[in-house]
Amino acid sequence: MTDKARVRTEAARLLGFFEAHGASVVEADILQPAETLLDLYGEDIRARAFVTQDPVHGEAMLRPDFTVPVVQMHMVDGAEPARYAYMGEVFRKQEEATHRASEHFQVGYEVFDRTAPLEADAEVFALIKEVLEPLNLRAATGDMGLLLAAVRGLKTTERRKAALLRHIWRPRRFRALLDRFAGRAALPKGRDALLAQDDPLDTSAPHIGLRSTSEIADRVEALREDAAAAPISAQEVELLDDLLALRETTGHVLEHLRDIAVDMPAIASAVDRLETRAEALAKRGVDIATLDFEGSYGRTSMEYYDGFVFGFYAESRPDLPPVATGGRYDALTRVLGNKNGERRDIPAVGGVIRPELILTLTEEVTP
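For clarity, every value in this text was computed on a predicted model and none was experimentally measured.

Details of the overall build of the protein chain
Step number 1: Along the protein chain, the regular secondary structure elements total 14 helices and 14 strands.
Step number 2: Out of the 367 residues belonging to the protein chain, those deemed buried represent 49%.
Step number 3: At a minimum sequence separation of 6, the contacts of the protein chain that also span at least 24 residues come to 71%.
Step number 4: When the accessible surface of the protein chain is totalled, it reaches about 18800 Å², and 51% of it is carbon and sulfur.

So, the pairing of strand 10 (residues 308-313)
Step number 1: Counting buried residues in strand 10 gives five out of six residues, a clear majority hidden from the surface.
Step number 2: Of the pairings in the sheet, the one linking strand 7 (residues 138-143) to strand 10 comprises six bridges and is antiparallel in character. Directly across from aspartate 143, in strand 10, lies its bridge partner phenylalanine 308.
Step number 3: Examined bridge by bridge, strand 10 and strand 11 (residues 324-328) share four bridges and lie antiparallel to one another. Paired with glycine 311 across the strands is threonine 325, a residue of strand 11.

Things to note about the pattern of salt bridges
Any two side chains of opposite charge can pair, so long as their charged atoms come close to each other.
Step number 1: Inspection of the entire model under this criterion finds 22 salt bridges.
Step number 2: The closest approach of N and O atoms between arginine 258 and glutamate 275, which form a salt bridge, is 2.6 Å. With arginine 258 in helix 11 (residues 250-263) and glutamate 275 in helix 12 (residues 268-283), this residue pair connects regions lying 17 residues apart in the sequence.
Step number 3: Classification of glutamate 275 as partly exposed rests on a relative accessible area of 31%.
Step number 4: For arginine 317, the salt bridge is made with aspartate 319, and the minimal N-O distance between the two is 2.6 Å.
Step number 5: A network of salt bridges, in which partner residues are shared, links Asp121, Asp143, Arg277, Arg328 and Asp330.

So, the confidence of the model for the protein chain
Step number 1: Considering every residue of the protein chain, the mean pLDDT works out to 87; 86% of them sit at 70 or more.
Step number 2: The spread of mean pLDDT over the elements of the protein chain runs between helix 8 (residues 191-196), the lowest at 63, and helix 4 (residues 117-131), the highest at 98.

Quick word on helix 2 (residues 34-41)
Step number 1: Residues Ala34, Thr36, Leu37, Leu38 and Tyr41 constitute the buried set of helix 2.
Step number 2: Of the surrounding elements, those touching the buried residues of helix 2 are strand 2 (31-33), strand 4 (58-62), helix 3 (67-77) and helix 13 (330-336).

So, how was this worked out
- Residues numbered from 1 in each chain as written.
- Predicted model: local features only at pLDDT ≥ 70, side-chain atom pairs only at ≥ 80, totals over all residues.
- Heavy atoms only, no water.
- Helix = DSSP H or I, 4+ residues; strand = E, 2+ residues; numbered from the N terminus.
- Buried < 20%, exposed > 50% of the residue type's maximum accessible area, 1.4 Å probe, protein only.
- Contact = heavy atoms within 4.5 Å.
- Areas by Shrake-Rupley, 256 points an atom, 1.4 Å probe, with all protein chains shown as cover.
- Pairing = 2+ DSSP bridges.
- Salt bridge = Lys/Arg side-chain N within 4 Å of Asp/Glu carboxyl O.
- pLDDT = per-residue confidence, 0-100.

As structure tokens, this is what we get:
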């Protein structure tokens with residue numbers, strides 16, 4: 001394990017790099033109010049965060065990442081456009097990947113710019129690529145905006161689309177729902193029997209639980225409407241599967257996406273944005289002819305990414321997590337900027353680097 005003093009020194013070097021490129025250095029409290037994170041992610045966040053109780057401030061979490069507090073800070077009194085850099089530890093539970101540390105250092109760079117968001121995507125990616133250049137890492141990119149647009153454009157009920165959008169970051173659950181909505185999988189066990197009853201609430205069993213009788217009745221009616229809805233067509237499922245399976249270079253993927261957009265016009269605007277972003281990346285010296293694009297990339301990262309996503313990986317060390325990750329999170333600024341009836345939002349993109357991984361890889365290539 002790389003010692004913390006050396007990690008801090010490397011983190012300071014990275015922080016200085018971003019500061020030299022115009023970023024204002026900011027700090028974020030290690031203890032974060034749990035309420036905000038629970039509002040954003042629901043109870044799922046408890047499985048990933050360390051939760052504690054403060055006698056004055058109530059429930060709190062050890063900082064699981066920097067993006068949420070930085071966005072909150074900016075939405076209160078940040079200037080526009082704005083560039084921020086930060087460094088410090090984040091804390092994540094590792095119940096499945098027990099070989100990974102529960103705390104690690106991050107250095108981040110965030111850009112808030114409503115005038116040129118696609119250029120900001122290219123700026124963040126190119127700067128992180130530049131500072132990591134000596135490591136010869138593989139870069140992977142994707143675009144959650146394509147997937148979100150594809151789901152929103154499906155010819156099905158709004159309730160079904162909302163369910164798919166809610167679980168797009170959970171690939172297994174998303175697939176199970178898509179198969180059911182397409183008529184490829186049976187209803188959950190017991191649902192047929194429930195819907196066959198004239199009045200499922202006409203029972204002598206005691207009422208147990210937090211939902212009221214009217215809420216239960218509304219839920220049953222929603223299930224009946226869903227059962228009566230026409231299945232999502234095989235063509236739409238095939239197009240969505242094609243989109244999710246894409247693995248090409250950025251230089252070649254646009255032609256394929258244009259073909260998909262002919263039959264799935266809902267993604268046309270997202271494809272246009274991807275093309276403009278590719279041009280912005282090329283202007284910053286990124287070789288898009290060799291830059292990997294993956295249709296499913298970003299689906300297992302933090303749920304606030306809703307556009308361009310990326311990561312940098314050491315191909316010689318597949319056991320290591322990505323050295324750097326990032327993406328666009330416009331929707332997060334809308335959520336955190338909607339306070340006291342005032343609605344504020346701003347396009348935002350950022351990325352983080354793990355300095356201890358840089359040191360690990362540097363030690364392996366240095367005689």
